[in-house]
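Each chain, written out:
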Amino acid sequence: MAYKLGDVILSRETIARRVKEIADEIAKDYDRDKPLVIVGILTGAAFFLTDLVREMPEDLDVRVDFMSVASYGDGTESSGVVRIFHDLKSSIEGKNVIVVEDIVDSGLTLAHLTELLKGRNPASLKVCVLLDKYERRKTEVKVDYCGFRIPDKFVVGYGLDYASKWRHLKDIKYVVEE
Ligand code: 5GP
């Protein structure tokens, strides 16, 4: 089956406004004298992360690191068993950490990933997602900062892909059958 781009669900302006609000919220929640490690999950979250950290104040001690993971599954459903392709460059022990993900769906990937990171003894660990498909949740994941709650429909753009395509779109759009 062939797919094409559908309607815009979130425009670039709406995304930018919400990203700024989340950055302000995070800036309020953290001490200035402790490093705050922002962990981006490649590849999708890189787009959101780079906009998010650039909205953070200069006096916040922001560090950026990335991880690349894949969850095993049957192609459409993730199993939640996470395989690390690329690990963090620096230790998170004793540091405040926020994991940044593009979208939480079943929650299995983030649940597994946060357990793994907790094992590395960060001072604190929070989760920030741009999109939350809350209807699809299969396991409880505490989302501390959320951009938008969206319905159970496949979306692309602003980092999110369909078969490696459409990550570069500035707006987030639905994908529809041709
Ligand atoms: P889960 O929470 O089910 O373990 O998996 C989340 C992952 O599923 C996301 O990182 C993303 O790769 C993928 N995903 C879920 N819903 C969508 C969607 O609507 N669009 C795109 N592009 N990816 C999605």
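Just so it is clear, the model here is predicted, and its values are computed rather than measured. (Residues numbered from 1 in each chain as written. Predicted model: local features only at pLDDT ≥ 70, side-chain atom pairs only at ≥ 80, totals over all residues. Heavy atoms only, no water.)

*Asks:* Just to check I follow, could you spell out the packing of aromatic side chains for this structure?
*Replies:* Each aromatic ring pair is specified by the distance between its two centres and by the angle formed by the two planes. One pass over the structure, following the stated rule, counts three aromatic pairs. Between Phe154 and Tyr162 the ring centres are 6.0 Å apart and the planes differ by 80 degrees, which places this aromatic pair in the edge-to-face class. For Phe154, a relative accessible area of 44% puts it in the partly exposed group. Taken together, a centroid distance of 6.2 Å and an interplanar angle of 25 degrees make the contact between Tyr162 and Trp166 stacked. Over the face of the ring belonging to Tyr174 we find Lys153, whose NZ or CZ atom lies 5.3 Å from the ring centre. The positively charged end of Lys165 is found above the aromatic ring belonging to Trp166, 4.4 Å away from the centroid. (Phe/Tyr/Trp six-rings, centres within 6.5 Å; stacked < 30°, edge-to-face > 60°. Buried < 20%, exposed > 50% of the residue type's maximum accessible area, 1.4 Å probe, protein only. Lys NZ or Arg CZ within 6 Å of the ring centre and 35° of its normal.)

*Asks:* Looking at this model, I keep getting lost on the environment of Leu131. Mind explaining?
*Replies:* Tracing the sequence through the fold places Leu131 in strand 6 (residues 124–132). Its relative accessible area of 0% is what places Leu131 among the buried residues. (Helix = DSSP H or I, 4+ residues; strand = E, 2+ residues; numbered from the N terminus.)

*Asks:* It is not clear to me how the layout of surface pockets should be interpreted in this structure. Could you clarify?
*Replies:* Where empty space is left can be seen by rolling a probe of water-molecule size over the atoms. Roughly 180 Å³ of internal volume is contained in the second largest pocket. In terms of lining, the second largest pocket is formed by Arg12, Ile15, Ala16, Val19, Phe47, Asp51, Glu55, Tyr158, Arg167, His168, Leu169 and Lys170. Every element with two or more residues in the lining of the second largest pocket is listed here: helix 1 (12–29) and helix 2 (45–54). For the lining of the second largest pocket, the per-class residue count stands at six nonpolar, one polar and five charged. (1 Å grid on protein atoms, 1.4 Å probe; cavity = no way out; pocket = protein on both sides within 12 Å on 5 of 7 lines; lining within 4 Å. Points joined across faces, edges and corners; volume = space filled by probe spheres on them. Nonpolar A, V, L, I, M, F, W, Y, C, P; charged D, E, K, R; others polar.)

*Asks:* What is the right way to read the sheet that holds strand 8 (residues 155–156) from this model?
*Replies:* Within a beta sheet, neighbouring strands are joined by backbone hydrogen bonds and run either parallel or antiparallel to one another. Taking strand neighbours across the sheet as the criterion, the three strands line up as 1-9-8 in an open arrangement whose pairing is antiparallel. Of all strands in the sheet, those bounded by a partner on one side alone are strand 1 (3–10) and strand 8. Pairing of strand 8 with strand 9 (residues 172–177), which is carried by two bridges, proceeds in the antiparallel orientation. Along strand 9, the bridge assignment pairs Val155 with Tyr174. (Pairing = 2+ DSSP bridges.)

*Asks:* Even after reading the chapter, I still don't get the packing of helix 1 against helix 2, so can you show me in this structure?
*Replies:* A pair of packed helices is captured by two measures, namely the crossing angle of their axes and the spacing between those axes. Packing of helix 1 against helix 2 brings their axes to within 8 Å, and their N-to-C directions diverge by 60 degrees. Judged by the inter-axis angle, helix 1 sits oblique to helix 2. Note that helix 1 runs across helix 2; the crossing there is right-handed. Across the interface between the two elements, Val19, Ile22, Ala23 and Ile26 of helix 1 pack against Phe48, Asp51 and Leu52 of helix 2. The residue makeup of the contact of helix 1 with helix 2, split by class, is six nonpolar, no polar and one charged. (Axes fitted to C-alpha atoms, helices over the stretch in contact; angles between N-to-C directions. Parallel < 35°, antiparallel > 145°, perpendicular 65-115°, else oblique. Left-handed = near helix turned anticlockwise from the far one by under 90°. Contact = heavy atoms within 4.5 Å.)

*Asks:* What's the story with the pattern of salt bridges in this structure? I'm lost.
*Replies:* Note that side chains of opposite charge can pair when their charged atoms are close. Within this structure, the stated rule accounts for 14 salt bridges. Between Asp59 and Arg32 there is a salt bridge; the shortest N-O distance is 3.0 Å. Of this pair, Asp59 sits in the loop between helix 2 and strand 3 (62–73) while Arg32 sits in the loop between helix 1 and strand 2 (36–42); the two residues are 27 residues apart in sequence, bridging distant segments of the chain. Relative accessible area serves as the criterion here: at 34%, Arg32 is assigned to the partly exposed category. In this structure, Asp152 and Arg136 form a salt bridge, with 3.7 Å as the shortest nitrogen-oxygen distance. Within this pair, whereas Asp152 is found in the loop between strand 7 (145–149) and strand 8, its partner Arg136 is found in the loop between strand 6 and strand 7, the two being separated by 16 residues in sequence. For Arg136, a relative accessible area of 25% translates into the label partly exposed. When salt bridges that share partners are traced, they join Asp105, Arg136 and Asp152 into one network. (Salt bridge = Lys/Arg side-chain N within 4 Å of Asp/Glu carboxyl O.)

*Asks:* Can you help me understand the environment of Leu60 in this one?
*Replies:* One can find Leu60 in the loop between helix 2 and strand 3. A relative accessible area of 4% means that Leu60 is categorised as buried. When the C-alpha atoms of Leu60 and Leu5 are compared, they prove to be 38 Å apart, with 55 residues separating the residues in sequence. In this structure, Leu60 is in contact with Ala27, Tyr30, Asp31, Arg32 and Leu36, ignoring residues within four places of it in sequence.

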